[in-house]
Amino acid sequence: MNGPVVVIHAGAGAGRAVLAQKARCRAALNEALLSARDALESGADATAAVQAAVRVLEDFELFNAGHGAALCSDGSAELSAALMRGSDRAAGAVAALHRTRQPIDAAAGVLESHQVLLIGDQGDRFAAEMGVEQVANDYFITDRQRDFLEDRLAGAGEAHGTVGAVCLDAGGGLAAATSTGGISGQPPGRVGDSPLIGAGTWADDSVAVSCTGDGEMFVRAAAAHSVATLVASGRDLAEACAAVLADVGSLGGEGGLIAVDAHGHATMPFVTAAMPRGMWRSGQDPVVAIGPRQPY
Ligand code: ASP
């Protein structure tokens, strides 16, 4: 089997807008996979490929990351992202940014630095110094997320979102990336699992994982790293992911994840009603799905 293979998700528990505009969402998923494929085919490694996929997903307004991110209770957008390279476990993450248009690019900059996680205004400043585009916070805020926040503050509506990508490249390199606006209605300053290495994002030389769902429970389960631990102990990839989602469930959380291992096995389980997702394998066309039916 082996690579290259790219797997993406756009959040467990697709909201009303995603379900009402499935064709647009499928097109965005497809574009993200093709962007990662093009990067790989022009010689980029897995880390650059997952970054390329997430850049597309951050730009798509119906997914909860970058433009169209979920909003905090005060109506502002706070963006978080992480990128991890499996070969040397180099990791970069940002949390609670307000002005960086593509948070995954800021995470990529952090990955190349000595630090692992930069937050808030200093994270934005770091990104700006690297030349990553800065925008007003309004850029991230869409009418759809404003309406959704109103529903959430009134106690209605499902909260999930987030985007992510994992990849095994032709050289055997693995990488994972995740980007999110967090959970609609979250208090400003709240950080979930997505930018936390080992919780929402992990890559080493045997597996790459990106999670989505109730962030607090994914943090408490050390979800992404737990997949790696189970795989290292000899568990099959799909079984390891199912066991971790069950552990998250035992803490009262739900969601999904995507994972790929060094053999090229890929899995994308979720316990919510839907999870926009897709996969591209070398020599094959990309496949995407939103609801429970598996197209692969
Ligand atoms: N896990 C993300 C968070 O807790 C949200 C999500 O994936 O839906 O911030």
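Data block above holds the structure.
Here the structure is a predicted model, which means the values were calculated and not measured.

Colleague: Whenever I open this one, the pairing of strand 8 (residues 207-213) confuses me. Can you help?
Modeller: The side chains of a regular strand alternate, residue by residue, between the two faces of the sheet. Counting buried residues in strand 8 gives 7 out of 7 residues, a clear majority hidden from the surface. Residues Val 207, Val 209, Cys 211 and Gly 213 line one face of strand 8 and the alternating positions Ala 208, Ser 210 and Thr 212 line the opposite face, and both faces are buried. Where strand 7 (residues 201-203) hands over to strand 8, the hairpin turn is made up of 3 residues, counted between the paired strands. Where strand 8 lies against strand 9 (residues 255-261), 7 bridges are found, and the strand directions are antiparallel. Bridged to Val 207 within strand 9 is Asp 261.

Colleague: Just to check I follow, could you spell out the pattern of salt bridges for this structure?
Modeller: Pairing is possible between side chains that carry opposite charge, provided their charged atoms lie close to one another. Taken as a whole, this structure holds 11 salt bridges when the rule is applied. Between Arg 24 and Glu 61 there is a salt bridge; the shortest N-O distance is 2.8 Å. With Arg 24 in helix 2 (residues 22-41) and Glu 61 in the loop between helix 3 (46-59) and strand 2 (79-85), the pair connects residues that are 37 residues apart, well separated along the chain. For Arg 24, a relative accessible area of 35% puts it in the partly exposed group. Owing to a relative accessible area of 30%, Glu 61 belongs among the partly exposed residues under this scheme. The salt bridge involving Arg 101 is made with Asp 59; its shortest N-O contact spans 3.1 Å. Of this pair, Arg 101 sits in the loop between strand 3 (90-97) and helix 4 (103-111) while Asp 59 sits in helix 3, and the two are 42 residues apart along the sequence. For Arg 101, a relative accessible area of 22% translates into the label partly exposed. Exposure remark for Asp 59: the relative accessible area of 32% places this residue in the partly exposed category. The network of salt bridges with common partners includes Asp 59, Arg 101 and Glu 133.

Colleague: Sorry, what's going on with the sheet that holds strand 10 (residues 266-267) here?
Modeller: In a beta sheet, neighbouring strands are held together by backbone hydrogen bonds and run either parallel or antiparallel to one another. One open sheet accounts for 4 strands, arranged 7-8-9-10; its pairing is antiparallel. Only two strands of the sheet have a single neighbouring strand rather than two, namely strand 7 and strand 10. Strand direction decides the pairing type here: strand 7 and strand 8, joined by 3 bridges, are antiparallel. For Trp 202, the partnering residue across the bridge sits in strand 8 and is Val 209. Across the sheet, helix 8 (residues 223-232) touches strand 7, strand 8 and strand 9, and the angle it forms with strand 8 is around 145 degrees. Along the sheet face, helix 9 (residues 237-250) touches strand 8, strand 9 and strand 10 and points at about 155 degrees away from the line of strand 9.

Colleague: Would you take a moment to explain the site of the ligand for this structure?
Modeller: Around the ligand, a shell composed of 12 residues is seen, among which Gly 161, Arg 190, Asp 193, Thr 212 and Gly 213 lie nearest. In the model, a nitrogen atom of the ligand is placed 2.6 Å from a nitrogen or oxygen of the Asp 193 side chain. Between an oxygen atom of the ligand and a main-chain N or O atom of Gly 215, the distance comes to 3.1 Å. In the complex, 100% of the free accessible area of the ligand, which totals 270 Å², lies under the protein chains. Looking at side-chain class alone, the shell around the ligand contains 1 nonpolar, 9 polar and 2 charged residues.

Colleague: I would appreciate a short explanation of the side chain of Ser 179 in the present structure.
Modeller: Within the element layout of this structure, Ser 179 appears in strand 6 (residues 174-180). For Ser 179, a relative accessible area of 0% translates into the label buried. At a separation of 2.6 Å, a polar atom in the side chain of Ser 179 contacts the side chain of Glu 58.

Colleague: Where do I start with the nonpolar core in this structure?
Modeller: One broad trend across soluble globular proteins is that nonpolar side chains are buried collectively. Core analysis: the largest hydrophobic core is formed by 55 residues, its most contacted members being Val 6, Ile 8, Phe 63 and Leu 83. Ala 12, Leu 174, Trp 202 and Ala 228 belong to the second largest nonpolar core, which has 37 residues in total.

Definitions and cut-offs
- Residues numbered from 1 in each chain as written.
- Predicted model: local features only at pLDDT ≥ 70, side-chain atom pairs only at ≥ 80, totals over all residues.
- Heavy atoms only, no water.
- Buried < 20%, exposed > 50% of the residue type's maximum accessible area, 1.4 Å probe, protein only.
- Helix = DSSP H or I, 4+ residues; strand = E, 2+ residues; numbered from the N terminus.
- Pairing = 2+ DSSP bridges.
- Salt bridge = Lys/Arg side-chain N within 4 Å of Asp/Glu carboxyl O.
- Contact = heavy atoms within 4.5 Å.
- Axes fitted to C-alpha atoms, helices over the stretch in contact; angles between N-to-C directions.
- Near = heavy atom within 4 Å.
- Polar contact = N/O pair within 3.5 Å; in protein donor to acceptor, adjacent residues only side chain to side chain.
- Areas by Shrake-Rupley, 256 points an atom, 1.4 Å probe, with all protein chains shown as cover.
- Nonpolar A, V, L, I, M, F, W, Y, C, P; charged D, E, K, R; others polar.
- Core = buried A, V, L, I, M, F, W, Y, C linked by side-chain atoms within 4.5 Å.

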